[in-house]
Amino acid sequence: MSLEFRHIAHAYGNTRALKDISFTAPQGEITCLLGSSGCGKSTLLNLTAGLLPVQQGSVYIDGELLADESHSPPPEKRPVGLVFQDGALFPHMTIAQNVAFGLPKSRNSSDVIEEWLDLVGLAGLGGRYPHELSGGQQQRAALARAMAPEPQVLLMDEPFASVDIVLRKSLRRDCRALLRQRGATVIMVTHDPEEALDIGDRIAVMDRGRIAQFGTPHELYDTPSSARVGAIFGGAQVIAGERVEGGIATAFGTWPLSALVGDAPDSLNLELLLRADGFEVTSAHEGHGLVVRDIRRTSARAQIVLANDGGEELAIELASGDAPAIGERVTVQPRAASVLAFATAPTAD
Ligand code: ADP
């Protein structure tokens, strides 16, 4: 079952939380909603689940209207499962009773429950109460409870956020495998780009109530639609540039147009997306170039912080053997076709 949003807008008083959201989460895939706090992720989940009314726009499951301004079935009438950040298990019920909750009578047997506990790695723990399980186990139980009724769509709000970092990766992997195996259509909220790249088949990058870009992890990484999106992935930096005769002037030197990937945008003011490992350095005379301010070495690579005379910093990465010394002055130039350039985004929305 695909889940489609068409022109969704939502406001809390004067706060416009969502502005014209349209995208489709494809059948059987995990679509991550990625964005910083306050960008509207939870609002979108809540109106899909029926916890908030749709104010403007519509939501479809497999082409059939789920909700719009005039049609809003209550949460329990929607073919949608929910997993919250903290699991939200019923504390006075055992794990088995939690999983049984929401199962239709016809399927509410101990065999079905045990099968689900087994699938999420909790075989034999059905008789325990939530407080007798670790955080990671509670999230697994919450996952079983949400998935056991086999909802057409599963909505997950930061499902791994309260699990410690070591367990998070293995839980994420298990969860992805299970969701895949069951062919679930999933929308998962996260604010962690690494998590979205790791688990998402598609990523909807949200920025201040809008979809900044929707695509596969590969597409977002290789062809970001803006410098802002590019900076989210791969630890890239964004600096300002200006088209000048014969190149692009930046705070760190004037670079040739050949440094750009593709043609320069048709704009004088640019945002440049720089990958730290895309540079070459050469020695410069006293009073020229940039000064090496800091170097951190990991086995074969060196992370180097350079500063211009105004104190603005540029982080680059070189093979350890090519690293200059702290205090040395260098000229830095991006390698050919290594910089993505965008017309400077307007500030108003
Ligand atoms: P996210 O989940 O990405 O952190 P939210 O959907 O929770 O974002 O919030 C989007 C915007 O709406 C934020 O500016 C937030 O302050 C505002 N907001 C969310 N819930 C309410 C509410 N119940 N009342 C007023 N403003 C809200």
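Residues numbered from 1 in each chain as written. Predicted model: local features only at pLDDT ≥ 70, side-chain atom pairs only at ≥ 80, totals over all residues. Heavy atoms only, no water.

(A) Molecular detail of empty space enclosed by the protein. One pass over the structure, following the stated rule, counts one cavity of 30 Å³ or more. Of the volumes computed, that of the largest cavity is approximately 40 Å³. Those elements that provide at least two residues to the lining of the largest cavity are helix 4 (135-147) and helix 5 (165-182). Residues that form the lining of the largest cavity fall into these classes: seven nonpolar, one polar and no charged. (1 Å grid on protein atoms, 1.4 Å probe; cavity = no way out; pocket = protein on both sides within 12 Å on 5 of 7 lines; lining within 4 Å. Points joined across faces, edges and corners; volume = space filled by probe spheres on them. Helix = DSSP H or I, 4+ residues; strand = E, 2+ residues; numbered from the N terminus. Nonpolar A, V, L, I, M, F, W, Y, C, P; charged D, E, K, R; others polar.)

(B) Main features of the sheet that holds strand 1 (residues 3-12). Spatial strand order, 2-1-4-5: four strands in an open sheet with antiparallel pairing. For this open sheet the edge positions go to strand 2 (15-25) and strand 5 (64-67), each flanked by a neighbour on one side alone. Averaged over all pairs of adjacent strands, the angle between their axes in this sheet comes to 30°, without regard to strand direction. Sheet topology note: the strand 1/strand 4 (residues 56-61) ladder contains five bridges and is antiparallel. Paired with R6 across the strands is S58, a residue of strand 4. Contacts from helix 1 (residues 41-49) reach strand 1, strand 2, strand 4 and strand 5, with the element oriented near 115° to strand 1. (Pairing = 2+ DSSP bridges. Axes fitted to C-alpha atoms, helices over the stretch in contact; angles between N-to-C directions. Contact = heavy atoms within 4.5 Å.)

(C) Focus on the site of the ligand. Around the ligand, the neighbouring residues are Y12, T15, A17, S36, S37, G38, C39, G40, K41, S42 and T43. Within the contact set of the ligand, an oxygen atom lies 2.7 Å away from a side-chain nitrogen or oxygen of S42. Within the side chain of T43, a nitrogen or oxygen atom sits 2.5 Å from an oxygen atom of the ligand. Calculation on the ligand without its partners gives an accessible area of 560 Å², and the protein chains cover 58% of this total. Broken down by secondary-structure element, the contributors of at least two residues to the shell around the ligand are strand 2 and helix 1. (Near = heavy atom within 4 Å. Polar contact = N/O pair within 3.5 Å; in protein donor to acceptor, adjacent residues only side chain to side chain. Areas by Shrake-Rupley, 256 points an atom, 1.4 Å probe, with all protein chains shown as cover.)

(D) Expanded view of the pattern of salt bridges. Tallied over the entire structure, the rule returns 16 salt bridges. The structure contains a network of salt bridges with shared partners spanning K169, R172, E194, E195 and D198. (Salt bridge = Lys/Arg side-chain N within 4 Å of Asp/Glu carboxyl O.)

(E) Main features of the nonpolar core. Core analysis: the biggest nonpolar cluster contains 42 residues, and L143, L154, M156 and L179 have the highest contact counts within it. Here the element with the most residues in this core is helix 4; it accounts for six residues. Beyond its immediate stretch of four places on either side in the chain, M156 contacts L45, V83, L143, C175, L179, V186, I187, M188 and V189. Residues L52, L155, A204 and M206 belong to the second largest nonpolar core, which totals 26 residues. (Core = buried A, V, L, I, M, F, W, Y, C linked by side-chain atoms within 4.5 Å. Buried < 20%, exposed > 50% of the residue type's maximum accessible area, 1.4 Å probe, protein only.)

(F) Highlighting helix 5. For helix 5, built from 18 residues, the straight-helix expectation of 26 Å at 1.5 Å per residue is met to within 8% by its first-to-last C-alpha distance of 26 Å. All of the buried residues along helix 5 are R168, L171, R172, C175, L178 and L179. The buried residues of helix 5 all sit within an arc of 140° when viewed along its axis, so they share a single face. Facing away from the buried side of helix 5 by over 90 degrees, the exposed positions are V166, R173 and Q181. Tucked inside the fold, the buried residues of helix 5 contact strand 3 (30-34), helix 3 (110-119), helix 4, strand 7 (153-157), strand 8 (185-190) and helix 6 (193-199). Positive backbone phi, at 65°, marks G183, one or two positions downstream of helix 5. (Expected span 1.5 Å × (residues − 1). Arc of directions from axis to C-beta.)

(G) Highlighting the packing of aromatic side chains. The tally for this structure, following the rule as stated, stands at four aromatic pairs. Both rings, one in F90 and one in F101, keep their centres 4.8 Å apart while their planes meet at 65°; by these two values the pair is edge-to-face. Residue F90 is found in the loop between strand 6 (80-83) and helix 2 (95-100), and its partner F101 is found in the loop between helix 2 and helix 3; the two are separated by 11 residues along the sequence. Its relative accessible area of 46% is what places F101 among the partly exposed residues. With a centroid separation of 5.9 Å and an interplanar angle of 65°, the aromatic rings of W255 and F279 are classed as edge-to-face. On the criterion of sequence distance, the pair formed by W255 in strand 13 (residues 253-255) and F279 in strand 15 (residues 279-283) is long-range, its members being 24 residues apart. An aromatic cluster is defined as three or more aromatic residues linked by ring pairs; in this entry it consists of F5, F23 and F214. (Phe/Tyr/Trp six-rings, centres within 6.5 Å; stacked < 30°, edge-to-face > 60°.)

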